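# Analysis of the macromolecular model
Chain by chain, the residues run as shown.
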Amino acid sequence: MGVRKDSVVAGERGARARHRLSQPSSEPDEELMRALYREHAGPLLAYVLRLVAGDRQRAEDVVQETLIRAWKHAGQLNRATGSVRPWLVTVARRIVIDGHRSRQARPQEVDPSPLEVIPAEDEIDKALWLMTLSDALDDLTPAHREVLVETYFKGRTVNEAAETLGIPSGTVRSRVFYALRSMKLALEERGVTA
């Protein structure tokens, strides 16, 4: 008997809410909002929770926004026949979709604090190394320097370097061998060891 009584009370509440909506009013009142909330907030929250993958805070925000829109558009709801729940469900679904689209359109925000703790590459060491290397290259003969530049710095094969320099590939190999040996000595003189 208690269950029947509860369903009768719930039916009366729903009837009152529909009655409040059907009465023409220039401005929606608090009772309408309370009636909408009592009758529809629970089921609407359960529906929206499924749409937002269980994010309760987001679901509550969507339900609140849906009920506010219903309150603001009470005139549309006045013309509705039957339950307003389909209208509320449609509005809630559109709010979720719009929220998803806006998050997709906006770049993801990144916290810059992890970048502050990453040590920067020491540019001074790199600059000193390049200066030492350049200085050591100046100690080589022009023939040795040009084969090293072609093979090591420009990344060409022995045959490509030979074609570019206009010398036989055997000569390139020989010059590279002696140029590397001279380069090693020049770097050791500057305090660089392998």
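Fair warning: this is a prediction, and the values are worked out from it, not measured in the lab. (Residues numbered from 1 in each chain as written. Predicted model: local features only at pLDDT ≥ 70, side-chain atom pairs only at ≥ 80, totals over all residues. Heavy atoms only, no water.)

For the pair helix α2 (residues 30-51) and helix α3 (residues 56-72), the least separation of the axes is 9 Å and the interaxial angle reads 145°. As for how α2 packs across α3, the hand of that crossing is right-handed. Contacts between α2 and α3 involve Leu32, Met33, Leu36, Tyr37, Ala41, Leu44, Leu45, Val48 and Leu49 from the first element and Arg56, Ala59, Glu60, Val62, Val63, Thr66, Leu67, Ile68, Ala70 and Trp71 from the second. Here the residues of the contact of α2 with α3 sort into 16 nonpolar, one polar and two charged. (Axes fitted to C-alpha atoms, helices over the stretch in contact; angles between N-to-C directions. Helix = DSSP H or I, 4+ residues; strand = E, 2+ residues; numbered from the N terminus. Left-handed = near helix turned anticlockwise from the far one by under 90°. Contact = heavy atoms within 4.5 Å. Nonpolar A, V, L, I, M, F, W, Y, C, P; charged D, E, K, R; others polar.)

This paragraph deals with α2. Maximal helix bending in α2 amounts to about 50°, located at His40; proline Pro43 follows within four positions. Buried within α2 we find Leu32, Ala35, Leu36, His40, Ala41, Leu44, Leu45, Tyr47 and Val48. Of the residues trailing α2, Ala53 is marked for its positive phi of about 55°. (Bend = angle between axes of the 7 residues up to and from the residue. Buried < 20%, exposed > 50% of the residue type's maximum accessible area, 1.4 Å probe, protein only.)

So, about the packing of α2 against helix α5 (residues 85-105). The contact between α2 and α5 brings their axes to 10 Å, and the two run at 35°. Here the hand of the crossing between α2 and α5 comes out right-handed. For the pair α2 and α5, the contacting residues are Glu39, His40, Pro43, Leu44, Tyr47, Val48 and Leu51 in the first and Arg85, Leu88, Val89, Ala92, Arg93 and Val96 in the second. In the contact of α2 with α5, the residues fall into nine nonpolar, one polar and three charged.

On to the confidence of the model for the protein, then. Of all residues in the protein, 78% attain a pLDDT of 70 or more, and the chain-wide mean is 78. Mean pLDDT across the elements of the protein bottoms out in helix α1 (residues 2-22) (45) and peaks in helix α9 (residues 158-165) (93). Ignoring residues within four places in sequence, the model shows residues 15-26, a span with pLDDT below 50, making 17 contacts including any to other chains. (pLDDT = per-residue confidence, 0-100.)

So, on to the nonpolar core. Core analysis: the biggest nonpolar cluster contains 20 residues, and Leu36, Val48, Val62, Val63, Leu67 and Leu88 have the highest contact counts within it. Within the residue set of this core, elements represented by two or more residues are α2, α3 and α5. Among all residues touching Val62, those that are not within four sequence positions of it are Val48, Ala92, Ile95 and Val96. Leu148, Ile167, Val172 and Ala179 belong to the second-largest nonpolar core, a separate cluster that totals 15 residues. (Core = buried A, V, L, I, M, F, W, Y, C linked by side-chain atoms within 4.5 Å.)

For the rest of this paragraph, the subject is unusual backbone geometry. Its identity is not glycine, yet Ala53 carries a phi of approximately 55°, on the positive side. Relative to the elements of secondary structure, Ala53 occurs in the loop between α2 and α3.

Before going further, it helps to spend a moment on the pattern of salt bridges. As enumerated under the stated definition, the model contains six salt bridges in all. Of the charged contacts in the structure, one is a salt bridge between Asp139 and Arg190, with a shortest N-O distance of 2.7 Å. In this pair, Asp139 sits in the loop between α7 (123-138) and α8 (142-153) while Arg190 sits in the segment after α10 (169-189), placing the two residues 51 residues apart along the sequence. For Asp139, a relative accessible area of 46% puts it in the partly exposed group. Residue classification places Arg190 among the partly exposed positions, given a relative accessible area of 27%. Residue Glu150 pairs with Arg156 through a salt bridge whose shortest N-O separation is 2.1 Å. Exposure remark for Arg156: the relative accessible area of 30% places this residue in the partly exposed category. A single network of salt bridges, built from pairs that share partners, joins Asp135, Asp139 and Arg190. (Salt bridge = Lys/Arg side-chain N within 4 Å of Asp/Glu carboxyl O.)

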